[in-house]
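A look at the structure
Okay, here's what each chain looks like letter by letter:
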Amino acid sequence: MIENLTHQYLKYRKTFVIPAVTLLLFVILFPLVTIPQIQSLARVQGELSDGKPRLIRLEMKRSKLSSVDEDLLKSNFALTAQALPSQKDIGAILVTLDLLAQQHGVLLGNFSASVGKLDETPVSIAPAPSLQMTISAKGERGNIESFLKGMSEALPLVTIETIEIKNKDITVSFLFYYKPLPPTLPPVDSPLPDFSQFQPTLASLSARRSQVVLPLPGENEAPSQLFERANPFF
Amino acid sequence: MNEKRQINFLSGVKGARFTERQLRSLLIWVSFLTSFILIAVSVVLFIVGRIYQEQTVTLAQNMKVVEEEIESMREAEILYRGITDKLQVSEKLLKIGSFPVLLFEEFVSLLPEDVVVSEYHFSRNKLTATLSTESLFGLEKFLQDLAMYGKKGNLTNIVVSSVNQKQGGQYETSVEADLIGAL
C-alpha cells in the first residue's frame, strides 16, 4: 500500500520535472549565452557606428587630396615658403633688405642677428619660431619712411619690433619668421584644413611678391647661391 | 484523485485556485515559451551578429584601401598642411606686421612743416619722440593734432614730458604715448 502510494507520488511529480528543468536551464543559459551575445552585438554595432563616419571622413580626405592640382600646390608652396621660409633662410632676408635699400635710396649700415644652428629642428612648430635682427641705415626722412613701409610689405614676412630714428640715422629691429613643414602627420583620418578660408591671405602674399622687383630666392635654391653675389652691406 | 485535487496556489488572491492539472499545464506552457524565446532570441542575435560582422569586415577593408590611397598621397598632404600652416601664421603676421610702420607714417603726417623729428623711438608698444621747432605755434598745433589722433583710438597715455626753449629760438619737446592693443 505504502509502496503503491510512493510510486503514484513519484510518477505524479515527474510530470513537473521536465518543465521545471527547462525553466531552470533558461535561467542559467540566458545570462550565460544570450547576454554575452547581446553585449558582443552592441560592441560590433558600436564599431560600425564609429567606423562609418571615419570611412566618410577618409573618403572626403581622399577626394580632396586627389582633386588638388599639383602645379597649383607647388606654386602656392613656393609663395608661402617665400613669406615664411621652412628654415632660417637668413640669405633671403638679406637680399630683400638690400633690394629695398636700393629701391628707396637708403644706405644700409651694420646689421646683427643671432642665427643659431641652421639645421636646428624646433621642438614645437605650433607658434612660428622667429629670429631677431637689427639693422642700421642712413637716409632722408622720406626715404626712411618708404624703406620701412617697403620692409613691412615685403617677403619674407617680418614684424618690426623697434624703430629708432636720430636725424638721418635709423635703427630697426625686427623679427624674421620661419615655419618648418610638419615633421609628422596627424592621424590619417584627421580632416585637411579648409584652404579656401586662406584665399585672401594668399592673395595678399601674391600681391607682396609682385611688388619686389628682383626675384627672391626660392625655397629649393641652394643656400650657397645666395652668397655668390657681392656683399650688399658695407 | 490527485489531478482533481485543488490546491491553493495563490492563497492570498481571491479565487486563485488551480487544479494540479492546470498548474502542470501552465508550467509546461511557460517552459515551452521560455525555451522558444531563448532559441528565437539566440538565432536572431546570431543572424544579426553575422550581418554586422560582415559589415564590419567590409568596412575595415574599405577603410584600409582608402587609408593606403591617402598614404600614397602623403607628400601632397605634407605640402598641403605645410601651406595651410604657413598661411595661418602669415595671416596673423600680415595683421600686425605693418602696424608700427603705419603708426610712424601717421605720426610723421601730423608734423607741421616747421617741426622736425630729431628722435623717434618705438618699442614694446611705446612711442617716444623728440621734436624740435622754431615755431611755438607749430608745436602747439602738432600737440593738438596728436591729442586728436590719440582720441581716434590708436594712442593712449599721451604725455608731453618736456618743452624746452633752446638757444637760437629753438623749442624742443618730448612726447610719449602708449599704443592701444598689443602687437
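Residues numbered from 1 in each chain as written. Chains lettered and ligands numbered in written order. Predicted model: local features only at pLDDT ≥ 70, side-chain atom pairs only at ≥ 80, totals over all residues. Heavy atoms only, no water.

So, the sheet that holds strand S6 (residues 170–179) of chain B
To keep things clear, this is the line we draw: Here a strand pair is declared whenever DSSP counts at least two bridges between the two strands. Strands here are runs of E lasting at least two residues and helices are runs of H or I lasting at least four, both read from the DSSP assignment and numbered beginning at the N terminus. Helix axes are fitted only over the stretch in contact, all axes being lines through C-alpha atoms; the angle between N-to-C directions runs from 0 to 180 degrees. Only heavy atoms matter for contacts: two residues are in contact if any of them lie within 4.5 Å across the pair.
Pairing in this open sheet of eight strands is antiparallel, and the strands run S1(A)-S2(A)-S4(A)-S3(A)-S3(B)-S4(B)-S6(B)-S5(B) from one edge to the other. Looking at the sheet topology across the chains shown, the edges are occupied by strand S1 (107–113) of chain A together with strand S5 (155–166) of chain B. When strand polarity is set aside, the average angle formed by the axes of neighbouring strands in this sheet is 20°. Taken together, the eight bridges between strand S3 (residues 115–123) of chain B and strand S4 (residues 126–133) of chain B define a ladder with antiparallel strand orientation. When the bridges of S4(B) are listed, B:Phe122 appears paired with B:Leu127. Contacts from helix H3 (residues 90–104) of chain A reach S1, strand S2 (130–138), strand S3 (158–166) and strand S4 (169–177) of chain A, with the element oriented near 25° to S2(A). Relative to S3(B), helix H3 (residues 99–109) of chain B is tilted by about 160°, and along the sheet it contacts S3 of chain A together with S3, S4, S5 and S6 of chain B.

Examining the confidence of the model for chain B
All names here are of chain B. Which entries qualify depends on this criterion: One confidence number per residue, pLDDT, is output by the predictor and ranges from 0 to 100.
Scored by pLDDT, chain B has a mean of 80; 87% of the residues are at 70 or more. Least confident of the elements in chain B is strand S1 (residues 6–7), whose mean pLDDT is 50; most confident is helix H1 (residues 20–72), at 89. In the model output, the complex is listed with pTM 0.68 alongside ipTM 0.72.

Observations regarding the interface of chain B and chain A
For the record, the criterion: Buried area: the accessible area, evaluated with a 1.4 Å probe, that two parts lose upon being put together, summed over both parts. The term salt bridge refers to a pairing of a side-chain nitrogen on Lys or Arg with a carboxyl oxygen on Asp or Glu at a separation within 4 Å. Counted as a polar contact is a pair of N or O atoms within 3.5 Å, where, for protein atoms, one must be capable of donating a hydrogen and the other of accepting one, and residues adjacent in sequence contribute only when both atoms are in side chains. Nonpolar residues are Ala, Val, Leu, Ile, Met, Phe, Trp, Tyr, Cys and Pro. Charged residues are Asp, Glu, Lys and Arg, and all others, Gly as well, are polar.
Contact with chain B, which involves 66 residues of that partner, is made by 78 residues of chain A. A buried area of about 6,900 Å², summed over both sides, lies between chain B and chain A, and 74% of it is on carbon and sulfur atoms. Interface area lost by chain B to chain A is led by B:Tyr80, B:Arg81 and B:Lys86, which between them contribute 12%. Between the two partners, chain B and chain A, sit three salt bridges. The shortest N-O distance in the salt bridge between A:Arg62 and B:Glu69 comes to 3.2 Å. Counting across the chain B and chain A interface gives 14 residue pairs in polar contact (both at pLDDT 80 or more). Among the elements of the structure, H1, helix H2 (74–97), H3 and S3 of chain B are those that each provide at least two residues to the side of chain B that touches chain A. Take the side of chain B that touches chain A: its biggest share by element is 28 residues, from H1(B). Residues of the side of chain B that touches chain A, tallied by class, amount to 33 nonpolar, 18 polar and 15 charged. In this structure, S3(A) lies alongside S3(B), joined through five bridges in antiparallel fashion.

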